[in-house]
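Residue-level structural notes
What follows is each chain in one-letter form.
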Amino acid sequence: METLIRVLGFSSIGFVLLIFLFLLQEGVPAFLEIEPGNLFGTRWYPTFDLFGTMPLILGSVLVTITAIAISLPLGVATAVFVREVAPNWAREILKPMIEVLAGIPSVVLGFFGMTLIAPAVREVFGAPTGLTAFTGALILAYMALPTIISVAEDALDAVPKSYRDAGLAMGATQWQTIWRVVVPAARSGIVTAVMLGMGRAIGETMAVMMVTGNAARMPLGLDAIFRPIRTMTATIAAEMGEVAQGSIHYHVLFGVGIILFVLTFAINLTAASVMFKKRRRGGLR
Amino acid sequence: MRTTRIVLVMAVLLAAVPLCGCRPAQSSGGAVQTGSTIQQKGSDTLVNLALAWAEEYMRLHPEVRLSVTGGGSGTGIAAMINGTADIADASREMKPEEVAAAEANGITPVEFVVARDAIAVVVNPSNPVDTLTIQQISDIYTGKTTNWQQVGGEDRPIVLLSRESNSGTYVYFLENVVRMGQKDSDMLFSPDTLLMPSSEGISAEVRQNPNAIGYDGLGYVTPDQKVLAVARDAASPHVLPSAGTVNDGSYPISRPLYMYTAGQPSGDVKAYLDWVLGGGQYLVSKLGFVPLTE
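Keep in mind the model is a prediction, meaning the values are calculated, not measured.

Moving on, we come to the overall build of chain B. Scanning chain B from terminus to terminus reveals 10 helices and 11 strands. For chain B, buried positions account for 40% of its 294 residues. Taking the intrachain contacts of chain B between residues at least 6 apart in sequence as the baseline, contacts between residues at least 24 apart amount to 72%.

With that settled, consider the overall build of chain A. In terms of regular secondary structure, chain A is built from 12 helices and two strands. For chain A, the sequential pattern of α-helices and β-strands runs α-α-β-β-α-α-α-α-α-α-α-α-α-α. Each principal axis of the C-alpha distribution contributes one length, and for chain A these read about 70 × 60 × 30 Å.

Residue and element names in this part refer to chain A. Along the chain, isoleucine 236 turns up in helix α11 (residues 232–240). With 19 residues separating them in the primary sequence, isoleucine 236 and glycine 255 have C-alpha atoms 9.9 Å apart. Excluding residues that lie within four positions of it along the chain, isoleucine 236 makes contacts with Leu253, Val256 and Gly257.

Core analysis: the largest hydrophobic core is formed by 146 residues, its most contacted members being Leu140, Ala144 and Ala152 of chain A together with Ala88, Val121 and Leu161 of chain B. With 17 residues, helix α6 (residues 133–157) of chain A is the single largest residue contributor to this core. Ignoring anything within four residues of it in the chain, the contact list for alanine 144 of chain A reads Ala67, Ile68, Ser71, Gly197, Arg200 and Ala201 of chain A.

What follows is about the packing of helix α3 (residues 54–85) of chain A against α6 of chain A. For any two helices packed against each other, one specifies the inter-axial angle together with the distance between the axes. Residues and elements named next belong to chain A. In the contact formed by α3 and α6, the axes pass within 6 Å of each other and the chain directions differ by 35°. In this structure, α3 crosses over α6, and the sense of that crossing is right-handed. Broken down by class, the residue content of the contact of α3 with α6 amounts to 22 nonpolar, five polar and four charged.

Residue and element names in this part refer to chain B. Take valine 230: it is sitting in strand β10 (residues 229–231). Given 25 C-beta atoms within a 10 Å radius, valine 230 is considered buried. Distance in space between the C-alpha atoms of valine 230 and threonine 131 is 5.8 Å, their sequence separation being 99 residues. Once you skip the residues sitting within four places of it in the chain, valine 230 turns out to touch Val121, Leu132, Ile134, His238, Val239, Tyr251, Pro252 and Ile253.

Time to look at the interface of chain B and chain A. Contacts between the two partners involve 20 residues from chain B, matched on the other side by 24 residues from chain A. Of all the secondary-structure elements, those providing two or more residues to the side of chain B that touches chain A are β7 (194–196) and α7 (199–208) of chain B. For the side of chain B that touches chain A, the element with the most residues is α7 of chain B, which contributes three residues. A per-class count over the side of chain B that touches chain A returns 10 nonpolar, seven polar and three charged.

Take unusual backbone geometry next. Negative phi values dominate among residues other than glycine, just as trans dominates among peptide bonds. Although it is not a glycine, aspartate 49 of chain A sits at a positive phi angle of roughly 60°. Position of aspartate 49 of chain A among the secondary structure elements: in the loop between β1 (44–45) and β2 (50–51). The backbone of methionine 180 of chain B sits at a positive phi, close to 50°, despite the residue not being glycine. For methionine 180 of chain B, the position within the fold is in the loop between α6 (168–178) and β7.

For α7 of chain B, the full list of buried residues reads Gly201, Ile202, Ser203, Ala204, Glu205 and Val206 of chain B. Turning to α7 of chain B, the residues buried within the fold contact α5 (106–125) of chain A together with β4 (109–123), β6 (159–163), β7 and β8 (212–217) of chain B.

Our focus in this paragraph is the confidence of the model for chain B. Residues and elements named next belong to chain B. Here chain B averages 83 in pLDDT, and 87% of its residues register 70 or above. Within chain B, the lowest mean pLDDT, 42, falls on helix α1 (residues 2–28), and the highest, 95, falls on helix α5 (residues 134–142). With pLDDT under 50 throughout, residues 1–33 is counted as low confidence; its partners more than four residues away or in other chains account for 27 contacts. What the predictor reports for the complex is a pTM of 0.77 with an ipTM of 0.80.

Looking now at the pairing of β6 of chain B. All names here are of chain B. Counting buried residues in β6 gives five out of five residues, a clear majority hidden from the surface. The alternating pattern of β6 places Val159, Leu161 and Arg163 and Leu160 and Ser162 on opposite faces, both of which are buried. Of the pairings in the sheet, the one linking β6 to β8 comprises two bridges and is parallel in character. Following the sheet pairing, valine 159 is matched in β8 by alanine 212. As paired elements, β6 and β7 share three bridges and run parallel to each other. Within the sheet, the bridge partner assigned to leucine 161 lies in β7 and is leucine 194.

Residues and elements named next belong to chain B. Burial analysis of β8 places six of its six residues in the buried class, which makes it a mostly covered element. Two elements, β4 and β8, share five bridges in a ladder whose sense is antiparallel. Paired with valine 122 across the bridge in β8 is glycine 214.

Glancing now at the environment of alanine 141 of chain A. All names here are of chain A. Mapped onto the secondary structure, alanine 141 falls in helix α6. Classification of alanine 141 as buried rests on a count of 22 C-beta atoms within 10 Å. The spatial distance from the C-alpha of alanine 141 to the C-alpha of alanine 201 is 7.5 Å, given a sequence separation of 60 residues. Those residues in contact with alanine 141, other than ones at most four positions away along the chain, are Ala67, Ile70 and Ser71.

Calculation criteria
Residues numbered from 1 in each chain as written. Chains lettered and ligands numbered in written order. Predicted model: local features only at pLDDT ≥ 70, side-chain atom pairs only at ≥ 80, totals over all residues. Helix = DSSP H or I, 4+ residues; strand = E, 2+ residues; numbered from the N terminus. Buried ≥ 20, exposed ≤ 12 C-beta atoms within 10 Å, placed from the backbone. Contact = placed C-beta atoms within 7 Å. Core = buried A, V, L, I, M, F, W, Y, C linked by C-beta atoms within 7 Å. Axes fitted to C-alpha atoms, helices over the stretch in contact; angles between N-to-C directions. Left-handed = near helix turned anticlockwise from the far one by under 90°. Nonpolar A, V, L, I, M, F, W, Y, C, P; charged D, E, K, R; others polar. pLDDT = per-residue confidence, 0-100. Pairing = 2+ DSSP bridges.

As structure tokens, this is what we get:
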């Protein structure tokens with residue numbers, strides 16, 4: 001039994017390694033076959049041998065950062081409310097509902113975004129089309145929320161009761177205690193929550209493909225957020241099904257996968273290192 | 001295309017299951033059946049239509065087996081020339097060098113136009129623009145024209161919608177409309193073009209956005225989009241796409257879809273092609289193409 005569990009545990013690590021090796025094997029040729037000027041150029045026309053991945057990378061980054069900018073205040077505020085302010089009965093209702101939120105399939109959110117949010121974004125912000133980076137960010141923010149709320153709430157939960165008591169005893173109001181004592185004490189946990197939410201947002205595909213317009217333009221300038229973009233994930237999903245196996249285009253799509261993998265890995269590493277620091281300091285921060 | 005092909009193979013296999021089941025019973029009855037299989041290969045544009053025809057024909061004639069594969073017009077024509085396919089599906093005419101290769105192999109290819117593919121240019125119903133020339137559409141899609149005012153509409157930005165770059169419609173539209181059929185042109189879609197993963201994506205955006213312009217196969221256009229009349233050039237009349245204008249060639253953005261056989265077809269192949277050109281035409285419009293007759 002013990003051996004079995006050990007084998008199963010190692011095999012899942014083995015699978016991750018194999019997937020990574022496969023990704024490298026299929027994707028590395030792209031970096032060798034295509035000159036860097038083309039590969040990191042600004043024009044993505046794969047059918048005409050223009051493989052500029054820059055618009056895709058920037059598109060993913062823009063939509064992810066905007067999504068986090070929206071979901072961070074909302075998520076932390078919700079976590080504070082659920083953990084610190086809400087009466088017990090409300091907490092009992094809210095917590096499972098937040099978990100249900102995480103279970104909504106992304107294609108459903110994408111359809112919702114395409115038919116309801118996109119027209120609203122176009123009318124409210126006067127953009128030429130509602131299929132924009134901002135629309136995608138709204139959907140992604142909604143998808144990252146459950147992760148951020150649960151992890152941030154756990155972090156608040158880990159703050160010892162003595163901190164709150166000390167704050168109140170010194171004459172601080174409940175709000176002062178929450179914002180000046182409890183939330184700062186849970187800071188590293190909240191950073192982890194944001195990092196995990198970010199990892200969720202950057203890897204999301206279906207909803208993004210449906211609402212961001214998929215135009216591979218460079219998202220530069222102040223209005224870029226209200227213009228269409230094309231993300232790395234949507235590009236892989238849209239083009240992989242039809243590409244000839246072994247062609248340059250095929251290798252480039254895996255190359256984009258490697259870039260995406262490296263980005264997500266960096267984000268997760270940051271999240272893990274924050275958690276590691278917290279553990280070293282003895283669990284309080 | 002890989003997934004589609006797997007689905008095709010599965011569909012053909014499934015369709016073949018009942019045949020396998022009843023064949024031994026027939027042959028034991030004395031009448032020896034050779035069980036002819038018609039091999040069909042070629043254009044990915046045509047593959048779904050070819051499959052629909054094959055399935056329906058096998059339902060009507062259980063004694064005939066048809067196998068349909070995609071791979072592209074060139075692949076299909078090459079297979080027809082070297083004898084591994086009975087019928088080549090093609091979304092373009094055979095090139096002179098392909099005809100020469102066939103003749104060198106002792107084959108005279110015979111051409112059949114089996115359906116037509118027309119691309120409709122669509123806008124939101126509230127857009128006052130009714131007509132465009134190919135030149136104007138090309139300028140819009142390359143990003144030279146960016147406001148509807150420049151083509152006689154309201155003062156609104158133009159939002160460009162296109163199918164994904166792997167779609168056959170994308171390539172056809174690029175070569176014949178954006179590049180206006182000039183072979184040496186290297187014009188491309190503007191980077192601002194929104195690439196929609198499906199026909200539904202295009203129609204949803206056209207339906208709700210008065211700035212949008214899109215294109216798609218005529219059969220996929222829903223009534224809540226406004227179809228534009230298109231003129232070949234400034235001197236030509238503007239023509240709305242319909243079965244009539246597509247078949248008489250007056251609508252400029254359309255192309256015939258072909259099947260080629262090695263020499264005059266006979267036997268099962270001839271019977272099948274006769275049915276495709278006659279009784280099978282009703283399936284054409286279901287798949288978004290234009291039938292030869294109304």
